[in-house]
There are 2 protein chains.
Amino acid sequence: MHAFDEAIALDRLDTDVFQGHIPGAYGNMVGPFGGIIAAVVLNAVLQHPQRIGNPVALTVNFAGPIADAVFQLKARPVRTNRSNQHWILELWQADTLAVSATALTARCQEPSIPESEWAMPAAPAAGQIPVLTSQLPLPWLEQYELRFIKGALDFSGQPSRTSETLLWVRDRIERPLDFPSLAAMADVFFPRAYIRQQRTFPAGTVSMTIYFHVGAQLLERTVQPLLGQARGQCFAQSYFDQAAGLWSSDGVLLTTSTQMVYQKMQ
Amino acid sequence: MHAFDEAIALDRLDTDVFQGHIPGAYGNMVGPFGGIIAAVVLNAVLQHPQRIGNPVALTVNFAGPIADAVFQLKARPVRTNRSNQHWILELWQADTLAVSATALTARCQEPSIPESEWAMPAAPAAGQIPVLTSQLPLPWLEQYELRFIKGALDFSGQPSRTSETLLWVRDRIERPLDFPSLAAMADVFFPRAYIRQQRTFPAGTVSMTIYFHVGAQLLERTVQPLLGQARGQCFAQSYFDQAAGLWSSDGVLLTTSTQMVYQKMQ
């Protein structure tokens, strides 16, 4: 079983209640990698017997760290329309909510290739770029092959006026793309303030929103690696944001996403 | 009383339950303008006696139209940390959920002016641009002065390869800026597909996320009009997205936002 499938696996306990446990293989600094949490949340929607359609929008709010223990994930379809469905999700450990989320799924005709105004950035072929061997001891990083074209973390401490990153990303151990893995890959970018300052410090995403622009059939045909671009838009004292896109190697914009990140004031 | 304050007014019925009714003055094609719905939802958080801090992130999911009648708005603080607080909100009419939302508020030191990488676009002074006199009979449009610098809706039916809009926006009847009015203004852009096709058709936002980059004190000192830029990033068959920013006239990026919009296939 692929480590990703193990990480997002859920047992259904009741109509709207699932149970899971994210293994250490997707660990981050504190608790699991945000991308795997987004994938688990989305998986509860996908596993729910009342679900209609494919994911269109997903917002995940990280309220606190997830402990290395089982969690309960409540997934409620709060409104089902003719062609779409709205979800509210809550991930609990004991009496503490760790994650809240909303999702929208929709039944659409398998769309034609979407037209994007956010042009795929020019990038050398993945084979020409070395795979990141990280200085950060983060287990989740070992699950991916990241190849930085621009905006890597060099720990130089030299502040930069741009936080833009451009990279190739793929599962280190091959696995077909699906909506949960796409959600996880939308979060592989380091916090933009790290790139801007070229050093690390306590920071964590508090909210992330992902829009899915492709249907299941197109996704299934998409070959990894994906090209990812991320840029910070605004940096205030305690919070900063990120806007990101993921493209297939033949130029289809698969997801657009944003996130808001907390940084502990230095 | 300003029409905006009337529109977002709420009565508290119980610990976490508010009641309100959005008047026709902020009506859209079907039901109220999405921006006023976002403002009402945010106002429930702000009016809640347990709330700490200012809005940082808000996601509003439009599950169905709101009828011209009272609604109940449930606002639950689902997790309160030392410096921030997570909210889940549900807007109901009778037994039907019309809106779901999540919000994050945070107590921060009043931030210094945020640094933005999304540079404020160059724009002529508002006084040099005529106020929109719309051909669209939408009551909410009358509540704002919109001055289009770029990407107006001209109904020419001439498709364009860019959906970018640049405009000045202000309340038509003067009112100091606050978080609810800022949330509403983040939604004043027409659907990007209208601009791309220069015609209108049935379309509606299904999910919107707004990040707030300024504190209350800075917001209070911000003078209208604001400069707004919006662009579509990806257009699939049934859904397309929008990324937008709002700047103070002296160049402070106040909000960044994204939305996903449904369009009825033509």
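The coordinates are above.
Worth saying up front: this structure is predicted, and the values here are computed from it rather than measured.

Asks: In this structure, what is going on with the overall build of chain A? I would like to understand it.
Replies: Per the secondary structure count, chain A includes five helices and 14 strands. Taking 266 residues into account, the globule formula puts the C-alpha radius of gyration at 18 Å, and chain A, at 18 Å, falls close to it. Counting only C-alpha atoms and orienting by the principal axes, one finds that chain A spans roughly 50 × 45 × 35 Å. Considering chain A as a whole, with its 266 residues, one finds that 50% of them fall into the buried category. Within chain A, contacts between residues at least 6 apart in sequence are counted, and of these 68% link residues at least 24 apart.

Asks: I would appreciate a short explanation of the relation of the copies chain B and chain A in the present structure.
Replies: Both copies of the chain are placed relative to one another by a rotation about an axis and a shift along it. In screw terms, the move from chain B to chain A is a rotation of 180° and a rise of 0.0 Å along the axis, fitting with an RMSD of 0.0 Å. The symmetry that links the two subunits is that of a two-fold axis. A shared binding surface is used by both copies, with 98% of the interface residues of chain B retained as interface residues in chain A.

Asks: Quick question: what am I supposed to make of the interface of chain B and chain A here?
Replies: Often the size quoted for an interface is simply the accessible area lost on bringing the parts together. Taken together, the 49 residues of chain B in the interface contact 48 residues of chain A. For the side of chain B that touches chain A, the leading source of residues is strand S6 (residues 96-106) of chain B, giving five residues. For the side of chain B that touches chain A, the per-class residue count stands at 21 nonpolar, 23 polar and five charged.

Asks: Even after reading the chapter, I still don't get the nonpolar core, so can you show me in this structure?
Replies: Nonpolar side chains in soluble globular proteins generally cluster together in the buried interior. If you look at the biggest cluster of nonpolar residues, it comprises 159 residues, and the most contacted ones within it are Ala-38 and Val-41 of chain A together with Ala-38 and Val-41 of chain B. Excluding its chain neighbours within four sequence positions, the residues that come into contact with Val-41 of chain A are Val-60, Leu-73, Leu-89, Leu-91, Val-99 and Ala-101 of chain A.

Asks: Would you explain the pairing of strand S13 (residues 239-247) of chain B in this entry?
Replies: Within a regular strand, the side chains alternate between the two sheet faces. All names here are of chain B. The element S13 is extensively covered by neighbouring structure, given that nine of its nine residues are classed as buried. The sheet contact formed by strand S11 (residues 226-231) and S13 spans five bridges and is antiparallel. Bridging across to S13, Gln-229 finds its partner in Gly-245. Inspection of the sheet shows S13 paired to strand S14 (residues 253-263) by nine bridges, in the antiparallel sense. Along S14, the bridge assignment pairs Phe-240 with Val-261. If you look at the hairpin formed by S13 and S14, you'll find five residues sitting between the two strands, and Gly-251 has a positive phi there, around 95°.

How each quantity is defined
- Residues numbered from 1 in each chain as written.
- Chains lettered and ligands numbered in written order.
- Predicted model: local features only at pLDDT ≥ 70, side-chain atom pairs only at ≥ 80, totals over all residues.
- Helix = DSSP H or I, 4+ residues; strand = E, 2+ residues; numbered from the N terminus.
- Rg over C-alpha atoms; globule rule 2.2 N^0.38 Å.
- Buried ≥ 20, exposed ≤ 12 C-beta atoms within 10 Å, placed from the backbone.
- Contact = placed C-beta atoms within 7 Å.
- Least-squares fit on C-alpha atoms with pLDDT ≥ 70 in both.
- Nonpolar A, V, L, I, M, F, W, Y, C, P; charged D, E, K, R; others polar.
- Core = buried A, V, L, I, M, F, W, Y, C linked by C-beta atoms within 7 Å.
- Pairing = 2+ DSSP bridges.

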